[in-house]
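# Structure assessment
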Amino acid sequence: MTEPETLIAFNKVSDSIIISGPDFVGGYVAPEYLVDGVIQKNRLYALTANPYHGKTVIALRLMFCVAHGLPFGGHETEKSRVLFLAGENPDDAKARVIASSDHFGLAVNEDFTFIEGTFNLDETYQAVHTAAGDEGFGLVVIDSNTAFFQGEEENSNKQTLENAQAQRRYSELPGRPTVIALAHPPKN
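Along each chain, residue indices are assigned from 1 in the same order as the chain's sequence is written. Given that this is a predicted model, residues contribute local features only at a pLDDT of at least 70 and side-chain atom pairs are listed and counted only at 80 or more, while totals for whole chains, interfaces and linings are drawn from all residues. Based on all heavy atoms of the structure, the side-chain values leave hydrogens and waters out of the count.

Quick look at the overall build of the protein now. Each helix and strand counted, the protein has five helices and seven strands in total. Secondary structure elements in the protein, listed N-terminal to C-terminal, are α-β-β-β-α-β-α-β-α-β-α-β. Dimensions of the protein, computed from C-alpha atoms along their principal axes, come out at roughly 60 × 40 × 30 Å. Partly exposed describes any residue whose relative accessible area lies between the buried limit of under 20% and the exposed limit of over 50%, with all areas from a 1.4 Å probe on protein chains only and scaled to the type maximum. Of all 188 residues assigned to the protein, the portion counted as buried reaches 37%. Values of accessible area rely on a 1.4 Å probe in the Shrake-Rupley scheme; residue burial ignores everything except the protein chains shown. When the accessible surface of the protein is split by element, carbon and sulfur atoms take 53% of a total near 11,600 Å². Counting rule applied: Lys, Arg positive; Asp, Glu negative; His and chain ends not counted. Note on charges: their place is set at NZ of Lys, CZ of Arg, CG of Asp or CD of Glu. A distance of 3 Å separates the average location of the 14 positive side-chain charges in the protein from that of its 25 negative side-chain charges. Here a strand is any run of E in DSSP of at least two residues, a helix any run of H or I of at least four, and the numbering for each starts at the N terminus.

Attention shifts here to the pattern of salt bridges. Close approach of charged atoms lets side chains of opposite charge pair. When a carboxyl oxygen of Asp or Glu is within 4 Å of a side-chain nitrogen of Lys or Arg, the pair counts as a salt bridge. All told, the structure shown has eight salt bridges when counted by the stated rule. Between Asp91 and Lys94 there is a salt bridge; the shortest N-O distance is 4.0 Å. Taken together, the positions of Asp91 and Lys94, both in helix H3 (residues 90–104) and three residues apart, correspond to about one turn of that helix. Among the charged side chains, a network of salt bridges with common partners joins Asp91, Lys94 and Glu116.

Whether two aromatic rings pair depends on their centres lying within 6.5 Å, for rings of Phe, Tyr and Trp, where Trp uses its six-membered ring; planes under 30 degrees apart make the pair stacked, over 60 edge-to-face, and the rest tilted. Taken as a whole and assessed by the stated rule, the structure comprises six aromatic pairs. Ring-pair connections join several aromatic residues into one group, and the members of that group are Phe64, Phe84, Phe104, Phe112 and Phe114.

Now for the nonpolar core. By nonpolar core is meant a set of buried Ala, Val, Leu, Ile, Met, Phe, Trp, Tyr and Cys residues that side-chain atoms within 4.5 Å join together. Counting 23 residues, the largest nonpolar core has Leu62, Met63, Val82, Phe84, Leu139 and Val141 as the members making the most contacts within it. Only strand S1 (33–35), helix H2 (55–68), strand S4 (82–86), H3, strand S6 (139–143) and strand S7 (178–183) provide two or more residues apiece to this core. With eight residues, H2 is the largest single contributor of residues to this core. Any two residues having at least one pair of non-hydrogen atoms within 4.5 Å are treated as being in contact. Excluding its chain neighbours within four sequence positions, the residues that come into contact with Val141 are Ala59, Met63, Leu83, Phe84, Leu85, Ile180 and Leu182. Of all hydrophobic cores here, the second largest spans 16 residues; its members include Leu83, Leu121, Phe137 and Leu173.

A grouping of Ile19, Phe24 and Val25 is seen on the molecular surface, where their side chains present a nonpolar patch of about 320 Å² in accessible area. Within the secondary structure layout, Val25 lies in helix H1 (residues 21–26). The exposure class assigned to Val25 is exposed, which follows from its relative accessible area of 54%. Nonpolar side chains (Val, Leu, Ile, Met, Phe, Trp, Tyr) within 5 Å and like charges within 9 Å form the patches, drawn only from residues with over 30% relative accessible area and no salt bridge.

With that settled, consider the packing of helix H4 (residues 121–132) against helix H5 (residues 157–169). Angles here are taken between N-to-C directions and fall from 0 to 180 degrees, while the axes themselves are lines fitted to C-alpha atoms, restricted in helices to the stretch in contact. Two numbers describe how H4 lies on H5: the axes approach to 10 Å, and their chain directions differ by 5 degrees. Judged on the interaxial angle alone, H5 and H4 are roughly parallel. Across the interface between the two elements, Leu121, Asp122 and Tyr125 of H4 pack against Ala166, Gln167 and Arg169 of H5. Three categories are distinguished: nonpolar for Ala, Val, Leu, Ile, Met, Phe, Trp, Tyr, Cys and Pro, charged for Asp, Glu, Lys and Arg, and polar for the others, with Gly belonging to the last. Classifying every residue of the contact of H4 with H5 by side-chain character gives three nonpolar, one polar and two charged. Each angle gets one of four labels, with under 35 degrees taken as roughly parallel, over 145 as roughly antiparallel, 65 to 115 as roughly perpendicular, and the rest as oblique.

Our next topic: the environment of Asn145. Along the chain, Asn145 falls in the loop between S6 and H5. Between the C-alpha atoms of Asn145 and Asn163, which are 18 residues apart in sequence, the distance is 8.3 Å. Ignoring any residue separated from it by four or fewer positions in sequence, one finds Asn145 in contact with Glu154, Asn163, Gln167, Leu182 and Ala183. What qualifies as a polar contact is a pair of N or O atoms within 3.5 Å, subject to a donor-acceptor requirement within protein and to the restriction that residues adjacent in sequence count only when both atoms come from side chains. At a separation of 2.7 Å, a polar atom in the side chain of Asn145 contacts the side chain of Gln167.

By this rule, a helix spans an expected 1.5 Å times one less than how many residues it contains. Counted at 1.5 Å a residue, the expected span for H5 with its 13 residues is 18 Å, and the 18 Å between its end C-alpha atoms agrees. Those residues of H5 lying buried are Asn163, Ala166 and Gln167. All buried residues of H5 fall inside an arc of 100 degrees around its axis, so they share one side. Away from its buried face by more than 90 degrees, H5 exposes Asn157 and Lys158. Within this analysis, the arc is defined by the directions that extend from the helix axis to the C-beta atoms.

Tracing the sequence through the fold places Asn42 in the loop between strand S2 (39–40) and strand S3 (44–48). Taking the relative accessible area as the measure of exposure, Asn42 reaches 15% and is therefore buried. Within the structure, the side chain of Asn42 is placed 2.6 Å from the backbone oxygen of Ser171, a separation counted as a polar contact. Look past the residues within four positions of Asn42 in its chain and what remains in contact with it is Arg168, Ser171, Glu172, Arg176, Pro177 and Thr178.

Nothing here speaks to function; it is geometry throughout.
Here is the structure:
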């Protein structure tokens, strides 16, 4: 078994791998929150649970709260547009959105946007970036991690990393959205 390749970023000024404490902390940017004190903007999260244990319901509730600027779990949200990548089962997602709208008493307003079906996240990124416009998104939900996985083996660390990197890139869309990928735990 070969050792994994280690990447070391050299200091651009001195080509040294050692940097001073002030230089290290000097570039720190304090987090901004989509859900105050709980969910940071510009981050990738995995919402993981067994099938039929409420991942989509939680994600939809969060989407409704963000699209309407309502508290989520007692925490303030930043009102913004949301994007739902309905890859796992678009028809089921439609039914859940309608049922959630009725249950929460909140409209599916113009701040809700969707993409139906699966696609390669990397290959489609630029088209989504363009469609996001200047306003962008506050939240992107990927339904699901498995539906958008482009590799051949989900237990491959390399392929799983590539999938996570493709998902993480969506946090760079206009608006610096939070990205939440709905995922199932490993089967083994």
